[in-house]
Amino acid sequence: MKKCLQIAAATLALTTTAFAQGRSVNVYNWSDYIDPGVLDDFTRETGIRVVYDTYDSNETLETKLLAGKTGYDIVVPSATFLQRQIQIGVYQKLDKSKLPNLANLNADITGRLAVYDPGNLYSVNYMWFTTGIAFNVAKAKARIGDKSPDSWDLVYKPENLRKFADCGVYFLDSPEDIFSTALRSIGVNPDSKNPADIRKAADTIIRVKPSVKKFHSSEYINALASGDICLAVGWAGDSFQARNRAQEARNGVEIDYVIPKEGTLISLDNLAIPKDAERVAEAHALIDYLLRPEVAARNSKVTNFANPVDASKKFLPPEIVANKSIYPDDAVMKRIFTVSAKDQATQKVITREWTRVKTGR
Ligand code: N2P
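Here the structure is a predicted model, which means the values were calculated and not measured. Residue indices begin from 1 for each chain and proceed along its sequence in written order. It should be noted that, the model being predicted, local features are given only for residues of pLDDT at least 70 and side-chain atom pairs only at 80 or more, the latter also being counted only at that level, while totals for whole chains, interfaces and linings use all residues. With hydrogens and water excluded, all non-hydrogen atoms of the structure serve as input to the side-chain values.

1. So, the pattern of salt bridges
Within this document, salt bridges are pairs made up of a side-chain nitrogen of Lys or Arg and a carboxyl oxygen of Asp or Glu, the two lying within 4 Å of each other. Per the counting criterion, the structure on display carries 22 salt bridges. Between Asp41 and Arg44 there is a salt bridge, and its shortest N-O distance comes to 2.7 Å. One end of the pair, Asp41, and the other, Arg44, are both in helix 2 (residues 36-46), 3 residues apart, so they sit about a helical turn from each other. Burial here depends on accessible area, computed with a 1.4 Å probe over protein chains only, as a share of the maximum for the residue type. Under 20% is buried, over 50% is exposed, and the range in between is partly exposed. With a relative accessible area of 63%, Arg44 lands in the exposed category. As a salt-bridge pair, Lys141 and Asp146 come within 2.8 Å of each other at their nearest N and O atoms. Several salt bridges share partner residues, and in doing so they unite Asp35, Asp41, Arg44 and Arg298 into one network. Where helices and strands are cited, they refer to DSSP runs of H or I of at least four residues and of E of at least two residues respectively, numbered from the N terminus.

2. Overview of the site of the ligand
For this description, a residue counts as near a given molecule or strand if any of its non-hydrogen atoms is within 4 Å of it. In the neighbourhood of the ligand, the contacting residues comprise Trp30, Ser31, Asp32, Tyr33, Ser78, Phe129, Trp235, Asp238, Asp269 and Phe305. At 2.6 Å, a backbone N or O of Ser31 approaches a nitrogen atom of the ligand. Here a nitrogen atom of the ligand and a side-chain polar atom of Asp238 are 2.8 Å apart. Taken by itself the ligand offers 260 Å² of open surface, and the protein chains cover 98% of this. Of the two site types, the cavity is a set of points on a 1 Å grid over the protein atoms alone where a 1.4 Å probe fits but cannot get out, and the pocket is an open set with protein on both sides within 12 Å along at least five of seven lines, each lined by residues with an atom within 4 Å of a point. Grid points define the cavity or pocket, and a molecule sits in it when more than half of its atoms lie within 2 Å of them. Placement of the ligand is best described as lying within the largest cavity. Three classes are used: nonpolar for Ala, Val, Leu, Ile, Met, Phe, Trp, Tyr, Cys and Pro, charged for Asp, Glu, Lys and Arg, and polar for all others, with Gly counted as polar. The residue makeup of the shell around the ligand, split by class, is 5 nonpolar, 2 polar and 3 charged. We define a polar contact as two N or O atoms separated by no more than 3.5 Å, with the added condition that, inside protein, one atom must be a possible hydrogen donor and the other a possible acceptor, whereas residues neighbouring each other in sequence contribute only through side-chain atom pairs. Working definition of accessibility: Shrake-Rupley area with a 1.4 Å probe, residue cover restricted to the visible protein chains.

3. Here we look at empty space enclosed by the protein
Grid points are joined across faces, edges and corners, and a volume is the space filled by probe spheres set on the points. Under the counting rule described, the total for this entry stands at 5 cavities of 30 Å³ or more. In this structure, the largest cavity occupies an estimated 170 Å³ of space. Around the largest cavity, the lining is made up of 20 residues, and of these Trp30, Phe129, Trp235, Asp238 and Asp269 lie nearest the centre. Residue assignment for the lining of the largest cavity shows that the elements contributing at least two residues are helix 9 (175-185) and strand 9 (266-272). Its residues assigned to classes, the lining of the largest cavity shows 7 nonpolar, 7 polar and 6 charged. Of the residues that make up the lining of the largest cavity, three or more belong to each of domain 1 (2-127 + 268-327) and domain 2 (129-266 + 337-359). Taken together, 14 residues make up the lining of the second largest cavity; nearest its centre are Pro175, Glu176, Phe179, Lys342 and Ile350. Sorting the residues of the lining of the second largest cavity by element identifies helix 9 and helix 17 (344-359) as the ones contributing at least two each. By residue number, the principal contributor to the lining of the second largest cavity is helix 9, which donates 5 residues. Of the residues belonging to the lining of the second largest cavity, the class tally is 8 nonpolar, 3 polar and 3 charged. Here the limits of each domain have been adopted from an automatic or database domain assignment.

4. Looking at the domain arrangement of the protein
Considered domain by domain, the protein is made up of domain 1 (2-127 + 268-327) and domain 2 (129-266 + 337-359). Contact with domain 1, which involves 23 residues of that partner, is made by 27 residues of domain 2. Buried area: the accessible surface (1.4 Å probe) lost by two parts on joining, summed over both. Each partner contributes to the roughly 2000 Å² buried at the junction of domain 1 and domain 2, and carbon and sulfur atoms together form 50% of this total. Inspection of the domain 1/domain 2 interface yields 1 salt bridge. In this structure, Arg245 and Asp32 form a salt bridge, with 2.8 Å as the shortest nitrogen-oxygen distance. The interface formed by domain 1 and domain 2 holds 8 residue pairs in polar contact (both at pLDDT 80 or more) in total. Residue contacts follow a heavy-atom distance rule, with two residues in contact if any of their heavy atoms lie within 4.5 Å.

5. Let's talk about the packing of aromatic side chains
Each Phe, Tyr or Trp ring, with Trp reduced to its six-membered ring, pairs with another whose centre is within 6.5 Å; inter-plane angles below 30 degrees give stacked pairs, above 60 give edge-to-face pairs, and intermediate values give tilted ones. Tallied over the entire structure, the rule returns 16 aromatic pairs. With a centroid separation of 4.3 Å and 0 degrees between ring planes, the pair formed by Tyr28 and Tyr72 is classed as stacked. Residue Tyr28 is found in strand 1 (residues 24-30), and its partner Tyr72 is found in the loop between helix 3 (58-67) and strand 3 (74-75); the two are separated by 44 residues along the sequence. By the burial criterion, Tyr28 is buried, and Tyr72 matches it. Between Trp152 and Tyr156, the aromatic rings sit 5.5 Å apart at their centres with planes inclined by 20 degrees, giving stacked as the arrangement. Highlighted residues: Trp152 and Tyr156, both in helix 7 (residues 152-156), separated by 4 residues, approximately one helical turn. For Tyr156, a relative accessible area of 5% gives the class buried. Through a chain of ring-to-ring contacts, three or more aromatic side chains come together here, namely Tyr28, Trp30, Tyr33, Tyr55, Tyr72, Tyr126, Phe129, Trp235 and Phe305. Across from the ring centre of Phe81, 5.2 Å away, lies the NZ or CZ of Arg84, which sits over that ring. Our definition puts a charge over a ring when NZ of Lys or CZ of Arg is within 6 Å of the ring centre and also within 35 degrees of the ring normal. The ring of Tyr327 has Lys313 lying over it, and the distance from NZ or CZ to the ring centre is 4.6 Å.

6. Some points on the side chain of Asn299
If you trace the backbone, Asn299 turns up in helix 14 (residues 293-303). The exposure class assigned to Asn299 is buried, which follows from its relative accessible area of 1%. In this structure Asn299 touches Ile34, Asp35, Val38, Tyr126, Met127, Leu290 and Asn304, once residues within four positions along its chain are discounted.

7. As for the nonpolar core
To form a nonpolar core, buried Ala, Val, Leu, Ile, Met, Phe, Trp, Tyr and Cys residues must be joined to one another through side-chain atoms within 4.5 Å. Judged by nonpolar contacts, the single largest core of 112 residues is most densely connected at Phe171 and Leu231. It is strand 4 (residues 123-136) that contributes the most residues to this core, 8 residues altogether. Both domains that furnish three or more residues to this core are identified here as domain 1 (2-127 + 268-327) and domain 2 (129-266 + 337-359). The residues contacting Phe171, other than those within four sequence positions of it, are Val155, Tyr156, Leu161, Ile178, Ile205, Val208, Val212, Lys214, Phe215, His216 and Val233.

This is how it looks when you write it as structure tokens:
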């Protein structure tokens, strides 16, 4: 009998270990958006292996989500895409009893996200940020003097952008960011769903396009850092990653980032679990881990993006907390705008106009 019990116990232990070894979670996140050490530590603590893939556009993520089974257990859509995807039914509700660290979330950010995900049923904010102008300090000075490149007119007026064409300009490959800020620069509602306005935004970009070397949403980090380009319409955290990479390379390149004075788009990227996810418990475990103050701080420290966990600030370098381009203050917040989810018909117009911008057809 005793022997029998011993064997049973040994078998149980073995099965448990095998099970623990077999646990994993498949994550699909934006590139340059995490401290990789965080994933290693999560695995060390929980035994859950993280299989991690990256993308750099909401359109790429959406194509996968709509194509059927993705195989992913966590994805990170921006809020406007999230809203439409919730309506289509691609996500499952979160089990909040498995997410005790939701208590750490900043109420203002959670409230902003609730505009897109009513009741915060399907998503948790991961990072939030502005879209602005990243630039090479010396090259900008050589072209526009001591004036700060802090106006959308600099990038959306052909006569201004032409001054930077020779040193290299990239724009995000993201119609949401580029069309909304272009509309802001010409004094039209950045959230307009009127097809005529969307066409106006596209025409604005087409006029400056001869000065744009590439539309791309992740390559600008290294291109700025290496001095290959001198100007980018990009996201705050990525731009400061470019600044840091140049500093680490000691190549004499100095990068800065500004929020244009006319105001800019603020966006929320959010953790969500696809409906057909197979490792739902593991997904909740990782989401909750990412909401720990120390962990959120590690991710913001590496990425320079703002996280929604207030208590993480005490673990962050003071220069990140004080950087108003990363954590905008009230004055900056007054100039900021958001955009809403687009219905299918509007999204079709946007996609068509964005194709016209990029291909000329
Ligand atoms: C990370 C970019 C995330 C911001 N490199 C855009 N959603």
